[in-house]
Amino acid sequence: MTVHLVGAGPGDAGLMTARALELIARADVILFDRLIPDGALDGARDDALLIDVGKVGGGAQVPQEATNTLLLEHGRAGREVVRLKGGDPFVFGRGGEEAQLLRGAGIDFSVVPGVTAGVAAPAYAGIPVTQRAMAAAVAFVTGHEDPGKDETQVDWPALAAFPGTLVFYMGVRKLDRIASLLVAGGRRSTEPVAIIQRGTFADQRTVSATLGDIAQRAAEAGVRAPAITVVGPVAGLHEELAWFGSGPLAGRSVVVTRARAQASALAQRLRALGGRVVEAPAIRIEALDAQLPDLHDIDLLCVTSPNGAHRLLEIARDARALAGPAIAAIGPGTADALRAGGIEADIVPPRAVAESLVEALAGIELRRALIARAEVARDVLPGALRARGVAVEILALYRTVAERLDDEARDAARDADYVTFTSASAVRFYLEAAGTPADAQRIVSIGPVTSDALREHGLEPQIEAQQHTPEGLVAALLADVAPGQLF
Ligand code: SAH
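Every value quoted in this text rests on a predicted model; they were computed, and no experiment measured them.

Novice: Explanation requested: the overall build of the chain in the structure shown.
Specialist: Scanning the chain from terminus to terminus reveals 17 helices and 20 strands. Counting only C-alpha atoms, the chain reaches 90 × 60 × 40 Å along its principal axes. Put simply, the chain has 487 residues, and 47% of those count as buried. Across the chain, every contact between residues at least 6 apart in sequence was considered, and the portion connecting residues at least 24 apart equals 65%. For the chain, the accessible surface area stands at approximately 23,100 Å², while carbon and sulfur atoms represent 50% of it.

In structure tokens, the structure reads:
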């Protein structure tokens, strides 16, 4: 068992290494920092212990000593520990100090390098940190020194004389001092500078200036941490080579209210289109203890949601246990989930709502049906089947429960441009957790059932998906952003 010092990259989840994902999936304990990509822990085991050492209660940083104590405690207990850090663990990440601590205590460790912000943020802004004939060297510099130190650690005259690109981590509030020390050391005040805020995140932005006016420009633009400052001729290439953030959803923020376990596919799709995703999972899926009834007498098994399909496959344990009845699935997501378990649904109605399945079953002779679904659900399907004399049994497989939103998620959700709802239960729990969306926010509904739930709360969705699937929801959102355009 080992402690792994793992880099999570600068923010875009796609820049996490294969090794990082593998170790996260295996870990017993994960100690993580604040600056890690959204969804970085999605692949962690359900029973893994996840400890936020980036902040306490939304406030101050956990002191390094407390993190050290946790590292030693879990390391000594022989657990598989991942210490997950933003960017690269050995670049301004205190990874070296933690490695020394572990070595001193005789605990095995490994280091997984990550994509560091000082290279990635410029790259996403179209700035190569080295470039033939422009910069033959690059220096990574801290712009913010240990506040405990009086004396400056950085040799400013030497840095000013450095023959290449200077990349500053931290210190966006000290730009004034940095720029004047560099100019005092002999750099031209016309030298290009670029600041990249939240590099590789969907809301990345870049401010370009020169050493002479960067402090003022950054202040005007309200630049805040985390940001990387690039000094040198290569910074001027931003105008020519900028490429990131040009998707159709660039500049738009979208709230995803699905349960965390299901949110990632939708979130990824929105991010791939350039949108900034605010994950506000107001609901959580709780599995119910259930026994698979004897199916030999049942002629139709209806599965009404992907959650239902997952849980059904879980309790069946073997696809052959579901042999016998015809199988109907509401929605392509449900059919996909069954397919992943080796079952091809016989009936998938054209629209992903119970009404559509009722229509599809109209001409089919049935005696007994089993409906595998959530504990609380609409009566449309059982009601319609019973009305035509079919004996209906319900197999309740899971329930949807409220999930608390932290203040940060709630504030971000209230500021977003779009709020998406993918189920009626998400509507109720989201409104409880985050309140009513503001007038300026556009409400996107996956389909008529969810829209009705919104109306029950006095809200009218501006957008309703034609296909009642996550893909359909994204298509409807895109049509709203850029009407008439095909994506
Ligand atoms: N180990 C990290 C750096 C940690 S120091 C790495 O290798 O990237 C924290 C500083 O990193 C921040 O103050 C900021 O200067 C920089 N930083 C981290 N993530 C960033 C991002 N997404 N965009 C811009 N700067 C970032």
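So much for the structure itself; the text now carries on.
Novice: Could you clarify how one ought to interpret helix H15 (residues 424–434) in this entry?
Specialist: Helical periodicity: at 3.6 residues per turn, an α-helix aligns residues three or four positions apart in one direction. Buried within H15 we find Ala426, Val427, Phe429, Tyr430, Leu431, Ala433 and Ala434. On the buried face of H15, the contacting elements are strand E11 (253–256), strand E13 (283–287), strand E17 (391–402), helix H14 (407–415), strand E18 (418–421) and helix H16 (448–456). Directly beyond the C-terminal end of H15, a positive phi value near 85 degrees is found at glycine 435.

Novice: Would you mind showing me how to read the packing of aromatic side chains here?
Specialist: Evaluation of the coordinates by the stated rule reveals seven aromatic pairs. Relative to phenylalanine 168, the ring of tryptophan 156 lies with its centre 6.0 Å away and its plane at 10 degrees, an arrangement referred to as stacked. Pair noted here: tryptophan 156 is in helix H5 (residues 156–161) and phenylalanine 168 is in strand E7 (residues 165–169), with a separation of twelve residues, a long-range link. Exposure class is identical for tryptophan 156 and phenylalanine 168. Each is buried. Just above the ring of phenylalanine 201 sits the side chain of arginine 198; from NZ or CZ to the centre is 4.0 Å. In this structure, arginine 428 packs its charged tip against the face of phenylalanine 429, placed 4.5 Å from the ring centre.

Novice: Explanation requested: the environment of arginine 368 in the structure shown.
Specialist: Along the chain, arginine 368 turns up in strand E16 (residues 368–374). Along the chain, arginine 368 and glycine 389 lie 21 residues apart, while their C-alpha atoms are 9.1 Å from each other. In this structure, arginine 368 is in contact with Asp297, Ile298, Asp299, Leu300, Val390, Ala391 and Glu393, ignoring residues within four places of it in sequence. A distance of 2.8 Å separates a polar atom in the side chain of arginine 368 from a polar atom in the side chain of glutamate 393.

Novice: Is there a simple way to explain the domain arrangement of the chain in this structure?
Specialist: Frequently, the measure chosen for interface size is the accessible area removed from exposure when the parts meet. Split into domains, the chain comes out as domain 1 (3–114), domain 2 (119–241), domain 3 (253–282 + 403–481) and domain 4 (286–402). For domain 1 versus domain 4, the distance between C-alpha centres works out to 41 Å.

Novice: I tried to follow the site of the ligand on my own but got confused; where do I start?
Specialist: Among the 18 residues in the neighbourhood of the ligand, the closest are listed as Val91, Thr116, Met170, Gly199 and Ala227. A distance of 2.9 Å separates a nitrogen atom of the ligand from a polar backbone atom of proline 10. Burial of the ligand by the protein chains amounts to 91% of its free accessible area of 550 Å². Among the domains, domain 1 (3–114) and domain 2 (119–241) are the pair contributing at least three residues each to the shell around the ligand.

Novice: Explain the pairing of strand E1 (residues 3–7) here, please?
Specialist: On a regular strand, one side chain projects to one face of the sheet and the next to the other, so that they alternate. Of all five residues in E1, five are buried, a share of seventy percent or more. Here E1 shows a buried face lined by Val3, Leu5 and Gly7 and a second buried face lined by His4 and Val6. Judged from the four bridges that link them, E1 and strand E5 (residues 109–112) form a sheet pairing that is parallel. Across the sheet, residue valine 3 finds its bridge partner in E5, namely phenylalanine 109. The pairing of E1 with strand E4 (residues 81–85) spans five bridges and is classified as parallel. Bridge pairing links leucine 5 to arginine 83 in E4.

Novice: Can you walk me through empty space enclosed by the protein in this structure?
Specialist: Remark: the empty space left among the atoms is shown by a probe the size of a water molecule rolled over them. By the definition in use, this model includes one cavity of 30 Å³ or more. Of the pockets and cavities examined, the largest cavity occupies roughly 40 Å³. Leu175, Ile178, Ala179, Leu182, Val193, Leu211, Ile214, Thr229 and Val231 are the residues that line the largest cavity. Mapped by element, the contributors of at least two residues to the lining of the largest cavity are helix H6 (175–184) and strand E10 (227–231). For the lining of the largest cavity, a count of residues per class yields eight nonpolar, one polar and no charged.

Novice: Teacher, can you tell me more about the sheet that holds E17 here?
Specialist: Each strand in a sheet pairs with another by means of backbone hydrogen bonds, the pair being arranged parallel or else antiparallel. If you walk across this open sheet you meet the five strands as E13-E17-E16-E14-E15, and the pairing is mixed. A single partner strand is all that each edge strand has here, and the edge strands are E13 and strand E15 (326–329). Across the sheet, the axes of successive neighbouring strands diverge by a mean angle of 20 degrees, strand direction being ignored. Where strand E14 (residues 300–303) meets E15, four bridges bridge the pair, whose relative direction is parallel. Along E15, the bridge assignment pairs leucine 301 with isoleucine 327. Helix H10 (residues 306–316) contacts E13, E14, E16 and E17 of the sheet and is inclined by roughly 110 degrees relative to E17. Against the sheet, helix H11 (residues 332–340) touches E14 and E15, its axis set at about 135 degrees to E15.

Here is what the cut-offs are and how they apply
- Residues numbered from 1 in each chain as written.
- Predicted model: local features only at pLDDT ≥ 70, side-chain atom pairs only at ≥ 80, totals over all residues.
- Heavy atoms only, no water.
- Helix = DSSP H or I, 4+ residues; strand = E, 2+ residues; numbered from the N terminus.
- Buried < 20%, exposed > 50% of the residue type's maximum accessible area, 1.4 Å probe, protein only.
- Contact = heavy atoms within 4.5 Å.
- Areas by Shrake-Rupley, 256 points an atom, 1.4 Å probe, with all protein chains shown as cover.
- Phe/Tyr/Trp six-rings, centres within 6.5 Å; stacked < 30°, edge-to-face > 60°.
- Lys NZ or Arg CZ within 6 Å of the ring centre and 35° of its normal.
- Polar contact = N/O pair within 3.5 Å; in protein donor to acceptor, adjacent residues only side chain to side chain.
- Domains from an automatic or database assignment.
- Near = heavy atom within 4 Å.
- Pairing = 2+ DSSP bridges.
- 1 Å grid on protein atoms, 1.4 Å probe; cavity = no way out; pocket = protein on both sides within 12 Å on 5 of 7 lines; lining within 4 Å.
- Points joined across faces, edges and corners; volume = space filled by probe spheres on them.
- Nonpolar A, V, L, I, M, F, W, Y, C, P; charged D, E, K, R; others polar.
- Axes fitted to C-alpha atoms, helices over the stretch in contact; angles between N-to-C directions.

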